[in-house]
Amino acid sequence: MDRLFYVGVSAALFAAFAFSLNFVVPFIIGDYSTFDFALIRHVVAALVGLYILFSEKGVMRHLTLRNCLQAIWLAFVGYVGYFLTVTGAALFAGPVIAPAFLGLVPIVLMVIGNQGQASLPWRSLMVPLALVLVGLVLVNGTAFTAEGLDSVQSLWIGGPLALAAVGLWVWFALSNQAALAARPDMPSGVWSALILVGGGVLMLAFYPIGAAMDLFRLPTLGFGWSAAGNLYVWGTTLALLATVGGVWAWNIASRTLPVALAAQLIVSETVFGVIGGLVVHARWPTPIEVAGVVVLIAGVVLSVRIFYDRQFASGKTVLANE
C-alpha cells in the first residue's frame, strides 16, 4: 500500500508540472492566438487518445454510450469550458490577476474534498492549509498592486470569469474522480483516452464558431509549415506532455489518493509556474516570491507527511475510489 501512496503522490506532482506548462503558452506561439494553440493541442491529444483506444485489448466493452457521453461532458467542463473562462479572465482581468484567482482551486478542492470524504480531522489540515494560503498570497502579492492593475480592462467581467474557471476545474476534478470510482474495471488509460478524444471533438466543433468571431489567426496567417511550424511543434509537444501526460497522471492520482491530498499536491503547479515564468523572463525571483515558493513547498510536504502518518502508515488507507 505504501507503493500505491508514493505512485499517487508522484502522479499528482507530475500532473501539477504538466499543467504548469500552460503558463508559458503566450511566450511560444508567436503571432498566433491561444485559440489556435488550443486547437492544435487538443486535436493532437485526441489522435493520441484514439491510438490508445484502438491499441488496448478489450476496449470495446468500455465504449458504451453512457461512458462516451460522460467523457465528452467532462472534456467540455475541464477542457473547453475551463479554457474559455481562463482565456476570458486573462483578457479582461489581465495576465497577473487571473492566475491569482486560479490559486483558489486547490484550497476550494481541498475543503470540498475533505468535507465529502472526511479524510482527516480538520484540525490536522489547519497548518498545511494556512501555509498554502500564505504561500499563495506571497507568490501572487503583486497581482493587486498598481503595476498589476495596469493591464486590467474590466475586473467586473474578468473577475467572475476567473471565479467561473475555478468552479469548472473543481467541478471537473470531483466529477472525474466520481466517474473513475464508478468504473473500477476500466483502466485509467482508457478513461483518459476517452476524455482526450472528447476534448478534440469539442475543439473542432468550436472552430467554425471561433473563426466567425475572429478568435483564430490560422486562416489569415496560414496553415503552412513555413508560417505555422512553430505552432505545430509546440502544440504537439504540450499536447503530449501537458494534456496527455497531465490527464493520465491526474487520473492515477485520483484513483490512489484522497481528494484533499491531491488538491494539496496540485498547489505545486503554482511553484512550477513561478519557476517557468522566471525562466521565460530570464530573471531572478524577488525575496517575496522566494518566500512564497518556500512556504508553498512546506505546506505540500507537511500535507504528505500528515496523510501518510495518519492514514497510510497506520494501515487505515482511505483511497479516493472507495
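Criteria and cut-off values
- Residues numbered from 1 in each chain as written.
- Predicted model: local features only at pLDDT ≥ 70, side-chain atom pairs only at ≥ 80, totals over all residues.
- Heavy atoms only, no water.
- Helix = DSSP H or I, 4+ residues; strand = E, 2+ residues; numbered from the N terminus.
- Buried < 20%, exposed > 50% of the residue type's maximum accessible area, 1.4 Å probe, protein only.
- Contact = heavy atoms within 4.5 Å.
- Areas by Shrake-Rupley, 256 points an atom, 1.4 Å probe, with all protein chains shown as cover.
- 1 Å grid on protein atoms, 1.4 Å probe; cavity = no way out; pocket = protein on both sides within 12 Å on 5 of 7 lines; lining within 4 Å.
- Points joined across faces, edges and corners; volume = space filled by probe spheres on them.
- Nonpolar A, V, L, I, M, F, W, Y, C, P; charged D, E, K, R; others polar.
- Phe/Tyr/Trp six-rings, centres within 6.5 Å; stacked < 30°, edge-to-face > 60°.
- Core = buried A, V, L, I, M, F, W, Y, C linked by side-chain atoms within 4.5 Å.
- Polar contact = N/O pair within 3.5 Å; in protein donor to acceptor, adjacent residues only side chain to side chain.
- Axes fitted to C-alpha atoms, helices over the stretch in contact; angles between N-to-C directions.
- Parallel < 35°, antiparallel > 145°, perpendicular 65-115°, else oblique.
- Left-handed = near helix turned anticlockwise from the far one by under 90°.
- pLDDT = per-residue confidence, 0-100.

Chemist: Looking at this structure, how should I read the overall build of the protein chain?
Modeler: Check the secondary structure of the protein chain and you find 13 helices and zero strands. In sequence order, the secondary structure elements of the protein chain are arranged as α-α-α-α-α-α-α-α-α-α-α-α-α. Counting every position in the protein chain, which comprises 322 residues, the buried fraction comes to 52%. Here the analysis covers contacts within the protein chain between residues at least 6 apart in sequence; of these, 86% occur between residues at least 24 apart. Summed over its atoms, the accessible surface of the protein chain is roughly 14,900 Å², and 71% of this surface lies on carbon and sulfur atoms.

Chemist: Can you help me understand empty space enclosed by the protein in this one?
Modeler: Empty space among the atoms becomes apparent when a probe as large as a water molecule is rolled across them. All told, the structure shown has one cavity of 30 Å³ or more when counted by the stated rule. For the largest cavity, the full set of lining residues is Leu109, Ala173, Leu174, Gln177, Trp250, Ser254, Leu257, Pro258, Val259 and Ala262. Taken together, the elements giving at least two residues each to the lining of the largest cavity come down to helix 7 (155-181), helix 10 (225-256) and helix 11 (259-266). Here the lining of the largest cavity gets three residues from one element, more than from any other, and that element is helix 7. Of the residues contributing to the lining of the largest cavity, the split by class is eight nonpolar, two polar and no charged.

Chemist: What is the right way to read the packing of aromatic side chains from this model?
Modeler: Aromatic ring pairs are reported here in terms of the distance separating the ring centres and the angle at which the planes meet. Following the criterion strictly, the structure yields 13 aromatic pairs and no others. Each ring, one from phenylalanine 17 and one from phenylalanine 272, has its centre 5.6 Å from the other, and the planes form 80 degrees; the classification is edge-to-face. In this pair, phenylalanine 17 is assigned in helix 1 (residues 2-20) and phenylalanine 272 in helix 12 (residues 268-281), connecting sequence segments 255 residues apart. Overall, the relative accessible area of 30% leaves phenylalanine 272 in the partly exposed class. When the ring of tryptophan 169 is compared with that of tryptophan 250, the centres are 6.0 Å apart and the planes differ by 45 degrees; the resulting orientation is tilted. Taken as a pair, tryptophan 169 in helix 7 and tryptophan 250 in helix 10 lie far apart in primary sequence, 81 residues in all. Tryptophan 169 gets classed as buried once you look at its relative accessible area, which sits at 11%. Classification of tryptophan 250 by relative accessible area gives buried; the value is 4%. Site record: aromatic cluster; members linked through ring pairs are Phe35, Phe206, Tyr207 and Phe216.

Chemist: Looking at this structure, I do not really get the nonpolar core. What am I missing?
Modeler: One recurring pattern in soluble globular proteins: nonpolar side chains tend to sit buried together. In terms of nonpolar packing, the biggest core is built from 88 residues, with Trp191, Leu218, Leu231, Trp250, Leu257 and Leu265 touching the most fellow members. Here this core gets twelve residues from one element, more than from any other, and that element is helix 10. Apart from residues no more than four positions distant in its own chain, tryptophan 250 is found in contact with Ala15, Phe19, Leu109, Ala173, Asn176, Ala262 and Ile266.

Chemist: Would you mind showing me how to read the side chain of serine 175 here?
Modeler: Along the chain, the position of serine 175 falls in helix 7. Here tryptophan 171 takes part through its backbone oxygen, which lies 2.8 Å from a polar atom of the side chain of serine 175.

Chemist: Could you clarify how one ought to interpret the environment of leucine 138 in this entry?
Modeler: Counting through the fold element by element, leucine 138 comes out in helix 5 (residues 122-139). What makes leucine 138 partly exposed here is its relative accessible area of 27%. Those residues within four positions of leucine 138 in sequence are excluded, and the remaining contacts are Ile288, Ala291, Gly292 and Val295.

Chemist: Sorry, what's going on with the packing of helix 2 (residues 34-55) against helix 8 (residues 188-212) here?
Modeler: For any two helices packed against each other, one specifies the crossing angle of their axes together with the interaxial distance. Taken N-terminus to C-terminus, the directions of helix 2 and helix 8 make an angle of 140 degrees; their axes are 7 Å apart at the nearest point. Here helix 8 runs oblique to helix 2, going by the angle between their axes. The hand of the helix 2/helix 8 crossing is left-handed. Residues Phe35, Ala38, Leu39, His42, Val43, Ala45, Ala46, Gly49, Leu50, Ile52 and Leu53 of helix 2 form the contact with helix 8, whose own contacting residues are Gly189, Val190, Ala193, Leu194, Leu196, Val197, Gly199, Gly200, Met203, Leu204, Phe206 and Tyr207. Among the residues making up the contact of helix 2 with helix 8, the classes are represented as 18 nonpolar, five polar and no charged.

Chemist: Explain the environment of asparagine 22 to me, please; I cannot follow it from the model alone.
Modeler: Looking at the secondary structure, you find asparagine 22 in the loop between helix 1 and helix 2. Linking asparagine 22 and glycine 273, residues 251 residues apart in sequence, is a C-alpha distance of 8.3 Å.

Chemist: Is there a simple way to think about unusual backbone geometry in this case?
Modeler: Working note: non-glycine residues mostly have negative phi, and peptide bonds are mostly trans. Backbone geometry places aspartate 214, a non-glycine residue, at a positive phi of 60 degrees. With respect to the secondary-structure elements, aspartate 214 resides in the loop between helix 8 and helix 9 (218-221). You can call aspartate 214 exposed: its relative accessible area is 64%.

Chemist: How do you make sense of the confidence of the model for the protein chain when you look at a structure like this?
Modeler: Low-confidence regions, as indicated by low pLDDT, have predicted coordinates that should not be scrutinised in detail. Per-residue confidence for the protein chain averages 79 on the pLDDT scale, and 82% of its residues sit at or above 70. Per-residue pLDDT stays below 50 along residues 316-322; that stretch engages in 19 contacts with residues further than four places along the chain or on separate chains.

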